[in-house]
Amino acid sequence: ELLEESAKGHGPNPALQIKPTLRYRVWTYADLWHQSGQVASYLQEMGVRKGDRVLLWGPNMPQWVLAFFGALRAGAIAVPLDVRSAPDFVTRVLESTEPRLAFISRFTSQSVNGDIPSVHLEELDQAVAGLSPDPAELTVEPDDLAEIMFTSGTTGEPKGVMLTHRNIVSNVQAAARAFPGGASDRLLSLLPLSHMFEQTGGLLVALVLGCRIVYPTSRQPSFIFKALRENHISILLLVPQALQLFMNGIEREVEEKGKTGLWRTLHRIAPRLPLAARRRLFGTVHRRMGGNIRYFLSGGAYLDPNLSQKWENLGIPILQAYGATEAAPGITSTSLGRKVTGSVGRVLSGQEIRIAEDGEVLTRGPNVTPGYWQNEEATTAAFDGEWYRTGDLGYMDDAGYLFLKGRKKDLIVLANGQNVYPEDIENLLNAHPAIKEGVVVGLPDERSGGETVHAVLLVEDPTVPVKEIVDTINVKLADHQRIASHAIWHEEDFPRTHTLKVRKGVVLDHQKATLAQDTEGAPAEPATGASAPVDPLVRIIA
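The shown structure was predicted, so the numbers you read here are calculated from the model rather than taken from an experiment.

### Re the overall build of the chain
Logical step 1: Assigned secondary structure in the chain consists of 18 helices and 26 strands.
Logical step 2: For the chain, the spread of C-alpha atoms along the principal axes amounts to about 70 × 55 × 55 Å.
Logical step 3: Put simply, the chain has 542 residues, and 51% of those count as buried.
Logical step 4: Considering only intrachain contacts with a sequence separation of at least 6, the fraction spanning at least 24 residues in the chain is 65%.
Logical step 5: For the chain, the distance from the average site of its 54 positive side-chain charges to the average site of its 63 negative ones is 9 Å.

### Observations concerning helix α16 (residues 466-475)
Logical step 1: Among the residues making up α16, those that are buried are Val466, Ile469, Val470, Ile473 and Asn474. All buried residues of α16 project into a common sector of 135 degrees when viewed along the axis, lining one side. Set apart from the buried face of α16 by more than 90 degrees, the exposed residues are Lys467, Glu468 and Val475.
Logical step 2: Where α16 is buried, its residues meet α15 (422-431), β24 (435-444), β25 (451-459) and β26 (485-488).

### As for the sheet that holds strand β15 (residues 346-347)
Logical step 1: With mixed pairing, the 9 strands of this open sheet are ordered in space as β2-β1-β10-β9-β11-β12-β13-β14-β15. If you trace the sheet from one side to the other, it starts and ends with β2 (25-28) and β15, each paired once.
Logical step 2: For strand β13 (residues 318-323) and strand β14 (residues 330-333), the ladder comprises 3 bridges, and the chain directions are antiparallel. The partner of Gly323 across the bridge, within β14, is Gly330.

### Remarks on the nonpolar core
Logical step 1: If you look at the biggest cluster of nonpolar residues, it comprises 101 residues, and the most contacted ones within it are Phe103, Phe296 and Trp311.
Logical step 2: With residues near it in sequence (within four places) discarded, Phe103 still touches Val39, Leu43, Val54, Leu55, Leu56, Trp57, Ala67, Val119, Leu121 and Leu124.
Logical step 3: In this structure, Ala455, Ile469, Ile473 and Ile483 belong to the second largest nonpolar core, which totals 19 residues.

### Focus on the confidence of the model for the chain
Logical step 1: Of all residues in the chain, 95% have pLDDT values of 70 or greater, and the mean over the chain is 91.
Logical step 2: Counting interchain partners and residues more than four positions distant, the pLDDT-below-50 stretch residues 519-533 has 23 contacts.

### Points about the pattern of salt bridges
Pairing of side chains with opposite charge becomes possible as their charged atoms draw close.
Logical step 1: Counted according to the given criterion, the structure contains 27 salt bridges.
Logical step 2: Note that Asp143 and Arg166 form a salt bridge whose closest N and O atoms lie 2.9 Å from each other. Remark: Arg166 occurs in helix α6 (residues 165-178) and Asp143 occurs in the loop between α5 (124-128) and β7 (145-150); sequence separation between them is 23 residues.
Logical step 3: Exposure remark for Arg166: the relative accessible area of 37% places this residue in the partly exposed category.
Logical step 4: Here the salt bridges do not stand alone but share partners, grouping Lys19, Lys226 and Glu230 into one network.

### Details of the side chain of His267
Logical step 1: On the secondary structure map, His267 appears in helix α10 (residues 260-269).
Logical step 2: Each residue touching His267, except ones within four places of it in the same chain, is listed here: Phe282, Lys310, Asn313 and Leu314.

### Here we look at the sheet that holds β26
Logical step 1: Spatial ordering of the open sheet is given by β24-β25-β26, a layout of 3 strands whose pairing is mixed. A single partner strand is all that each edge strand has here, and the edge strands are β24 and β26. On average, adjacent strands in this sheet sit at an angle of 25 degrees to one another, irrespective of strand direction.
Logical step 2: Sheet topology note: the β25/β26 ladder contains 4 bridges and is parallel.

### Points about unusual backbone geometry
Logical step 1: Ala328 connects to Pro329 through a cis peptide bond whose omega is -10 degrees.
Logical step 2: Here Pro329 is to be found in the loop between β13 and β14.
Logical step 3: Notably, Glu98 is not glycine yet its phi reads approximately 45 degrees, a positive angle.
Logical step 4: Residue position: Glu98 is located in the loop between α4 (87-97) and β5 (101-104).
Logical step 5: Overall, Glu98 belongs to the exposed group, its relative accessible area being 58%.
Logical step 6: Phi at His232 is positive, roughly 55 degrees, even though this residue is not glycine.
Logical step 7: Residue position: His232 is located in the loop between α8 (221-230) and β11 (235-238).
Logical step 8: For His232, a relative accessible area of 43% gives the class partly exposed.

### Considering α8
Logical step 1: For α8, the set of buried residues is Ile224, Phe225, Ala227 and Leu228. On an axial view of α8, the arc spanned by its buried residues comes to 155 degrees, and they lie on one face.
Logical step 2: As for α8, its buried residues are in contact with β9 (186-188), β11, α9 (240-256) and α12 (283-288).
Logical step 3: Just downstream of α8 lies His232, where phi reads positive at about 55 degrees.

### Quick look at the side chain of Thr334
Logical step 1: Inspection of the secondary structure assignment puts Thr334 in the loop between β14 and β15.
Logical step 2: Assessed through its relative accessible area of 12%, Thr334 is described here as buried.
Logical step 3: Side-chain polar atoms of Thr334 contact the backbone nitrogen of Gln320, separated by 2.7 Å.
Logical step 4: With residues up to four places along the chain from it excluded, the contact list for Thr334 reads Ile318, Leu319, Gln320, Ser343, Val344 and Gly345.

### Section: the packing of aromatic side chains
Think of a pair of aromatic rings as described by two things: how far the centres are apart, and how the planes are tilted against each other in angle.
Logical step 1: Scanning all chains against the criterion turns up 8 aromatic pairs.
Logical step 2: Measuring from centroid to centroid gives 5.5 Å for Trp64 and Phe68, while their planes differ by 20 degrees, and the two rings are stacked. With a gap of 4 residues between them, Trp64 and Phe68 both fall in helix α3 (residues 62-73), about one helical turn apart.
Logical step 3: By relative accessible area, which is 0% here, Trp64 ends up buried.
Logical step 4: Classification of Phe68 as buried rests on a relative accessible area of 1%.
Logical step 5: Judged by centre distance (5.4 Å) and plane angle (75 degrees), the rings of Trp263 and Phe282 are edge-to-face. Note that Trp263 is positioned in helix α10 and Phe282 in the loop between α11 (275-281) and α12, a separation of 19 residues in sequence.

Definitions and limits used
Numbering of residues starts from 1 in every chain and runs along the sequence as written. The predicted origin of the model limits local features to residues at a pLDDT of at least 70 and limits the giving and counting of side-chain atom pairs to 80 or more, whereas totals for whole chains, interfaces and linings rest on all residues. Side-chain measures were taken over the full set of non-hydrogen atoms in the model, leaving aside hydrogen atoms and water. Helix numbers and strand numbers start at the N terminus; a helix is a DSSP run of H or I with at least 4 residues, a strand a run of E with at least 2. Each residue is assigned to one of three classes by its accessible area relative to the maximum for its type, calculated with a 1.4 Å probe on protein chains only: buried under 20%, partly exposed between the two thresholds, exposed over 50%. Two residues form a contact once any of their heavy atoms are found within 4.5 Å. Residues scored as positive are Lys and Arg, those scored as negative are Asp and Glu, and His as well as the terminal groups of each chain are ignored. Just so you know, the charge point we use is NZ for Lys, CZ for Arg, CG for Asp and CD for Glu. Here the arc refers to the directions that run from the helix axis out to each C-beta atom. DSSP bridges decide pairing: two strands pair if at least two such bridges lie between them. Residues belong to a common nonpolar core when they are buried Ala, Val, Leu, Ile, Met, Phe, Trp, Tyr or Cys residues joined through side-chain atoms within 4.5 Å. Values of pLDDT, which run from 0 to 100, indicate the predictor's confidence residue by residue. For salt bridges, the criterion is a side-chain nitrogen of Lys or Arg within 4 Å of an Asp or Glu carboxyl oxygen. Fitted lines through C-alpha atoms give the axes, limited to the stretch in contact for helices. The angle between two N-to-C directions lies from 0 to 180 degrees. Whenever a nitrogen or oxygen atom comes within 3.5 Å of another N or O atom, the pair is scored as a polar contact, on the condition that within protein one atom can donate a hydrogen and the other can accept it, and that pairs from neighbouring residues in sequence are kept only if both atoms are in side chains. In summary, the pairing rule links any two rings of Phe, Tyr or Trp, Trp by its six-membered ring, whose centres are within 6.5 Å, and it sorts them by plane angle into stacked for under 30 degrees, edge-to-face for over 60 and tilted for everything else.

Structure (structure tokens):
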């Protein structure tokens, strides 16, 4: 119904576009409704019935969107997987969900069980050609499952978050009221559609608002900047690390051109000027990015206020969204009208937030999952009555703005019972120019029975006096927060999730193993966590 409404309201307007060869290919809103109906008819012809699972495993592209909506219109349950998912993870998902059919691509086809009928997304047009755009009628209720979203993980059994049509649509409607946008806006889809942040914000909300969504065929920076210019992109959804990488690239160019002094001067002037004047002040940067960026939407991880301010100085405001896959995914958002530094905003309409006695953020509303696929134990553990336990620690001010303190599982508890929030220390570490990134974990202390504050540092120059840097930062910290020990991570980057969050568990396990072997100062394992050495050529290509 949501898609049909958009198709009626924006019928001839472009909805999706991609440049697979030399020319752009465009699907209008009417095309999207028509061809998703053909996909639904195809699925029904293939024996897919209401409640059957349909796997979606491929990169972002218009055909992914057609397959997704086609599955929903056929009454099936979509099971999206990240294109970079490991084969053993995919195997476990297949065993758990038993899909009736799989939509795959040339990037993923080698890992799907041959017993499952499959269609390449690149060949979807041919597969559905000539079929009726009106699939056989069936009744889909709000509380029927729409998709099972498996959270990324490398160990144990994957957890599949069940999301109903009500969960998704209620969140899309609430988000559409919170984020500005319209038919004149163009969005570049960079984050995976197999994650709810992009699927809700970068697809469903964009379609409700009548935006045009552009799918790039490469993630190379030069290609992305070209796509921004060619398509007059006005909105981007990004994780904080991507925002940092963009800013690093701009500042590297500034330095190469010998204009660092001017850059700093302009950043001192900019906060006193209105946004339009800031855009003129940094006109060169805006022209490089196409000149049409209205705002960025950031989510998925902590956004450093200093980084946010740098983009604001350039005249590009950043909206923040906070959520969880289990909340389909939006829980709170900031607005362009009023910004409270350090806050992830107010709760979206139709939802509620409560702070538990131990500081954990709990939420409830029509967007919250009914539980995990075939996992009653995990479902029970994730809820306090009807309140979903987010696993995040935080507090709310009197005006209803939410502030996060970090993940509950990452909280460091000292022997004397005091709590240490790693993010407080990481923010100081990451602000130091010699440190690329710092991760703070709690190392078990057998003597005291508690944990000690341990920092693992990624540095550009291995000769920098790390101990002096740590001592300098410790002076700025309260006694109980001070870093007791530290180590250097010798690989190019930390191990990360698909949304670029550091896998702290992997980092902590490595540090424990290093201590157990009593090999202080030994090089860290590769960021993948693999024990075998990585071929230099493979690393360069990666």
